[in-house]
Amino acid sequence: MKSPAPRPFTRSLTTRVAAIGVLTLSLTACAGSNPPGAGAPDSELPPQSEPAVFGHVHGLDVDSVTGVAYAATHGGLFELPPAGATPIAAADLGGPIAGRAQDTMGFTINGRQMFGSGHPDPAEQSTAPNLGFITSNDSSQTWQTLSLGGEADLHDIEVVRDAAGALSVYAVDASTGQITTSTDGGVTWRSGADVIMRDLTADPASGTVYATTEQGLAASDDDGATFEVDPDAPVLYLIDWIDGPSADGLVGVDLDGTVWTRIGADGWQERGSVSGDVEAMAYSPVPEPVLLVADARGIVTSDNFGATWQAVVER
């Protein structure tokens, strides 16, 4: 697939976030046969009120120290079974960690530190509808507010650590549609471009930010202030950075469910495919390189970029 000729995205673009496809991994049935990306935006979906219901998956990631994988959902954060374990049904996964059913709209892990945003557990609902930018250092047993408490609902959070150990954060502010960035670990923020996008990732070495847009894969070399479409990239829906054993790169899923990679000096290559609508995707280099996907089957993993899959949590 080819995208249109490069064109910059600036702050004059219409502010909105691309629609997110809705499917469920538990008791709720998946309706229709829309391609990945079709459906209602996350911001229009009500918070999950039943902690035991797995619900729509907003994000997946892996603790790089322990190798434990997690799923962030409408009904809270769930620890996933280890790779190679017998698959279990979503209904049998157990309640969310610490019994907290916060609607974690944005979620990522850097090292052992978790970062998130979204809406409070209905049982803990206060006058503030949004969590702001929050963090956990104890595997989601407790969370602390870093900034924007009660104000922001951040989606598609990406946290990268440079060689000196400094953290930069990239996210989409659901209330404005703008990419917002922080170079001090999420304490202070600066607004970036208004980009019609679905997913974000970043190269920790160069600082290049990538966004999946309706026009194609767009890249920014100025911390998200402007973006330019890559005419040679497939039109991707979800994307993540590959921290490879010999070369780094990108992995993504397009609207047809095809998995693509661009690793090192190689161009874009078709690798495998997902099944049905896809909600979330993450690549982890530890404990072994693996691609995690939430799709029509449930949550599945692949060690060959989608050529074959192993179920972890089944619908």
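All of the points below concern the structure found in this document. (Residues numbered from 1 in each chain as written. Predicted model: local features only at pLDDT ≥ 70, side-chain atom pairs only at ≥ 80, totals over all residues. Heavy atoms only, no water.)

Digging into the side chain of Asp-156
As for its position among the elements, Asp-156 is in strand E10 (residues 154-161). On the accessibility criterion, Asp-156 (15% relative accessible area) is buried. Side chain to side chain, Asp-156 and Arg-198 meet in a polar contact 3.4 Å long. Once residues lying within four places of it in the same chain are set aside, the contact partners of Asp-156 are Gly-106, Tyr-170, Ala-171, Val-172, Met-197, Arg-198, Asp-199 and Leu-200. (Helix = DSSP H or I, 4+ residues; strand = E, 2+ residues; numbered from the N terminus. Buried < 20%, exposed > 50% of the residue type's maximum accessible area, 1.4 Å probe, protein only. Polar contact = N/O pair within 3.5 Å; in protein donor to acceptor, adjacent residues only side chain to side chain. Contact = heavy atoms within 4.5 Å.)

Observations regarding the pairing of strand E7 (residues 113-119)
Taking burial as the measure, the seven residues of E7 include seven buried ones, the bulk of the element. One ladder, built from seven bridges, connects strand E6 (residues 103-110) with E7; its direction is antiparallel. Across the sheet, the residue bridging to Gly-106 is Ser-117, located in E7. Connecting the antiparallel pair E6 and E7 is a turn made up of two residues, with Gly-111 showing a positive phi of about 70 degrees. Note that E7 and strand E8 (residues 133-136) share three bridges and pair antiparallel. Bridge pairing in E8 places Met-114 opposite Ser-136. (Pairing = 2+ DSSP bridges.)

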